[in-house]
Amino acid sequence: MRVENGKVASIHYTLKNDAGEVLDSSEGREPLAYLHGAGNIVPGLERELEGKDVGHSFDVRVDPEDGYGVRRGDAQAVERSAFPENVDLETGMMIQAQTEQGEIIPLWIVRIEDETVWLDQNHPLAGVALNFAVEVVAVRDATDEELDHGHPHGPDGHHHH
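Now for a quick tour of the structure. Since the model is a prediction, treat every value here as computed from it, not as a measurement.

Quick word on the sheet that holds strand 8 (residues 116-120)
The sheet built from four strands is open, its strands ordered 5-8-7-6 with antiparallel pairing. Edge strands, defined here as strands with exactly one partner in the open sheet, are strand 5 (76-79) and strand 6 (94-98). The mean angle between the axes of side-by-side strands here comes to 45 degrees, regardless of whether they run parallel or antiparallel. The pairing of strand 5 with strand 8 spans four bridges and is antiparallel. If you follow glutamate 79 over to strand 8, its bridge partner there is threonine 116.

What follows is the structure, given as structure tokens:
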């Protein structure tokens, strides 16, 4: 079975930046399961996985435009008092904010100084070229529920609800 839209593909991967530093890896963990065509992974990697068979291994470089995007704007300072007191804030943490129009946007904490929290709309890997070493370890048909929800469930995905 090949990787194509509507299939759940499971991959092992190692992600490095251009300096060769490992940024993430599935080594020693379960493979990453994703629903192909649903935007579960960065577009450049998903495009390269299209049509690959189980057992296929390859290396691919994904430019920022096809990864987590190019960096836009700078971090913004927000007073610590704007956050609930019972929440432990940490650098690198992703939070969600809601615009006046009701749109949910992800923000990352990039720095915490005394009573100031610096938030950035850019993903931490925005502007970074992504170098993947990938192996396709399984491909299966997605269930109707997975297709409806836009992501895998079950033994090689996750449950929610």
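After that view, the rundown keeps rolling.
Topic: the pairing of strand 6
Here strand 6 pairs with strand 7 (residues 104-113) via five bridges, running antiparallel. When the sheet's bridge partners are listed, glutamine 98 is paired in strand 7 with isoleucine 104. Here strand 6 folds back onto strand 7, and the loop between the two strands holds five residues, one of which, glycine 102, carries a positive phi near 90 degrees.

Each value, and the rule that gives it
- Residue numbering note: each chain is counted from 1, following its sequence as written.
- Thresholds applied to this predicted model are a pLDDT of at least 70 for local features of residues and 80 or more for the giving and counting of side-chain atom pairs; totals over whole chains, interfaces and linings are not thresholded and use all residues.
- Think of the side-chain values as coming from all heavy atoms in the structure, minus any hydrogens and water.
- What makes two strands pair is DSSP finding at least two bridges between them.
- Labels follow the DSSP assignment, with helices taken as runs of H or I lasting at least four residues and strands as runs of E lasting at least two, numbered in each case from the N terminus.
- The axes are straight lines fitted to the C-alpha atoms, using for helices just the contacting stretch, and the angles between their N-to-C directions are given from 0 to 180°.

So far we have only geometry, and geometry alone does not tell us how the molecule works.
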